Amino acid sequence: MRLDKYLADCGYGTRKEIKKLIKSGAVTVNSVENPLPETKIDENCDKVFVMNTEVIYKKFVYLMLNKPQGVVSAVWDKKFKTVIDLVPDEFLHYELFPVGRLDIDTEGLLIITNDGALSHNLLSPKKHIPKTYYAKVLGKVNDSDAAAFKAGVTLDDGYKTKPAELKILNSGEISEIELTITEGKFHQVKRMFESVGKKVEFLKRIKMNALGLDESLELGEMRELTEDELFDLGGNELSR
Ligand code: URA
C-alpha cells in the first residue's frame, strides 16, 4: 500500500496532514529519508519511522478498560473526565471511542476502539450480545426475582425486557448477584431491579460476549486485547 495510506491507517492524520508530515522530513522508509507519499510499503517487511519511532502497522486498536466511577463513557464532556482521558499517549493518535456506555457510577469492562463496525455490531439489538454485570443490591434477591427476569420485566417506561439470567451469589440485607442481559436499554440493570422493588447499590460489568474483565487491571487502567480476547469479544465475525 502507499506510504500515505499506511500512515493514515495507523492514525497519523488525514492524507493532507500526512503529506505535510512526510514533506517535513519526519518520515523514513527502510532508513531512506524523504520518501514520497506514493512509496509502496509492504507492511510485513518495510520499516517505517516517524520521528525515530517505528510505526507498527495497525489499523484498528482494541483496548480493555477497567472503568472507575466518576468518569463518563464519552469522547468529550464539558463537565466530567471521560474514559478517553484515561487512554495512554501511545494510542492517542487513533480516533478512539467507547463501545456503548456505562453509567458514571458503574465500574468494569469497557471496550475502547476505533473499529466502528465492531462497535456497531456489539451494540446492535439484533445481535443479542450477552453482557454480564456483578451487582450489590439492597434487599434479599430471591428466586422469584430470577423467574421474573427470565420471563422479562416491565420497566418504568412500559418496555418489557428480553429474558435475562440472574445468578444469586448471596442473598441478604445486601445481596450479591450476577445478571446477564442481551440488550442495553438506558440504566437497564438498575431499572430491572427497580421493577422488582430493589435498588442497585454497586454495579460493575464483568463480561461482554465471551470476553471477561481482566481483574488484574486496576480501576482506570487499560491495555490492548490479545488476539484470543478479541476473538472472545466476537472480533472475527463482528468486525466487518
Ligand atoms: N445497566 C445500568 O443500569 N447501568 C449501567 O451502567 C449498565 C447497565
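See above for the structure.
Per chain, residue numbering runs from 1 following the sequence as it is written. Only residues with pLDDT of at least 70 are given local features in this predicted model, and only at 80 or more are side-chain atom pairs given and counted; all residues enter the totals for whole chains, interfaces and linings. Calculation of side-chain values draws on the structure's entire complement of heavy atoms; hydrogens and water are dropped beforehand.

### Thoughts on the site of the ligand
Lining the immediate surroundings of the ligand are Leu102, Asp103, Thr106, Tyr133, His187, Gln188, Val189, Lys190 and Leu203. For this analysis, a polar contact is any N or O atom pair within 3.5 Å, provided that within protein one partner can donate a hydrogen and the other can accept it, and provided that sequence-adjacent residues contribute only side-chain to side-chain pairs. The side chain of Thr106 places a nitrogen or oxygen atom 2.9 Å from an oxygen atom of the ligand. One nitrogen or oxygen atom from the main chain of His187 is found 3.2 Å from an oxygen atom belonging to the ligand. With residues, only the protein chains shown are counted as cover, and all accessible areas are computed by Shrake-Rupley using a 1.4 Å probe. The fraction of the free accessible surface of the ligand (230 Å²) that becomes covered by protein chains is 95%. Both site types are read off a 1 Å grid over the protein atoms alone. A 1.4 Å probe that fits but cannot get out defines a cavity, while an open set with protein on both sides within 12 Å along at least five of seven lines defines a pocket; lining residues have an atom within 4 Å of a point. Molecules are considered to sit inside a cavity or pocket once more than half of their atoms lie within 2 Å of its grid points. The site holding the ligand turns out to be the largest pocket. If a single non-hydrogen atom of a residue is within 4 Å of a molecule or strand, that residue counts as near it.

### Quick look at the nonpolar core
If you look at the biggest cluster of nonpolar residues, it comprises 47 residues, and the most contacted ones within it are Leu7, Val48, Leu96, Ile112, Leu179 and Phe193. The contact definition used throughout considers only heavy atoms, calling two residues in contact when any of these lie within 4.5 Å. Apart from the residues within four sequence positions on either side, Leu96 is in contact with Val61, Leu63, Val75, Ile84, Val87, Phe91, Ile112, Thr113 and Asn114. What makes a nonpolar core is a set of buried Ala, Val, Leu, Ile, Met, Phe, Trp, Tyr and Cys residues whose side-chain atoms join them at distances within 4.5 Å. A 1.4 Å probe rolled over the protein chains alone gives each residue an accessible area, and that area as a share of the maximum for its type sets the label: buried under 20%, exposed over 50%, partly exposed in between. Of all hydrophobic cores here, the second largest spans 16 residues; its members include Tyr62, Ile111, Leu230 and Leu238.

### Topic: the layout of surface pockets
Its volume calculated, the largest pocket comes out at about 750 Å³. In this structure, the largest pocket is lined by 35 residues; those nearest its centre are Arg101, Gly184, Lys185, Phe186 and His187. Only DSSP runs of H or I covering at least 4 residues are called helices, and only runs of E covering at least 2 are called strands; the numbering of each starts at the N terminus. Secondary structure elements with two or more residues in the lining of the largest pocket: α3 (116–123), β8 (131–138), α5 (188–195) and β11 (199–208). Residue classes in the lining of the largest pocket are distributed as 16 nonpolar, 9 polar and 10 charged. If you count residues domain by domain, the lining of the largest pocket takes at least three from each of domain 2 (62–125 + 219–238) and domain 3 (131–208). Grid points are joined across faces, edges and corners, and a volume is the space filled by probe spheres set on the points. When residues are grouped by polarity, Ala, Val, Leu, Ile, Met, Phe, Trp, Tyr, Cys and Pro land in nonpolar, Asp, Glu, Lys and Arg in charged, and all others, Gly among them, in polar. What fixes the domain bounds is an automatic or database domain assignment.

### Some details on the side chain of Glu183
Its place among the elements puts Glu183 in the loop between β10 (174–181) and α5. A distance of 2.7 Å separates a polar atom in the side chain of Glu183 from the backbone nitrogen of Lys162.

### Some details on the pairing of strand β7 (residues 106–113)
Counting buried residues along β7, 8 of its 8 residues qualify, which places the element largely inside the surrounding structure. Summarising the sheet, strand β5 (residues 62–67) and β7 pair through 6 bridges and their orientation is antiparallel. Opposite Met64, over in β7, you have Ile111 as the bridge partner. As defined by bridge partners, β7 adjoins β11 across 3 bridges and the pair is classed as parallel. Bridging from a neighbouring strand, Gly108 pairs with Arg205 of β11. A strand pair is defined by DSSP finding two or more bridges across the two strands.

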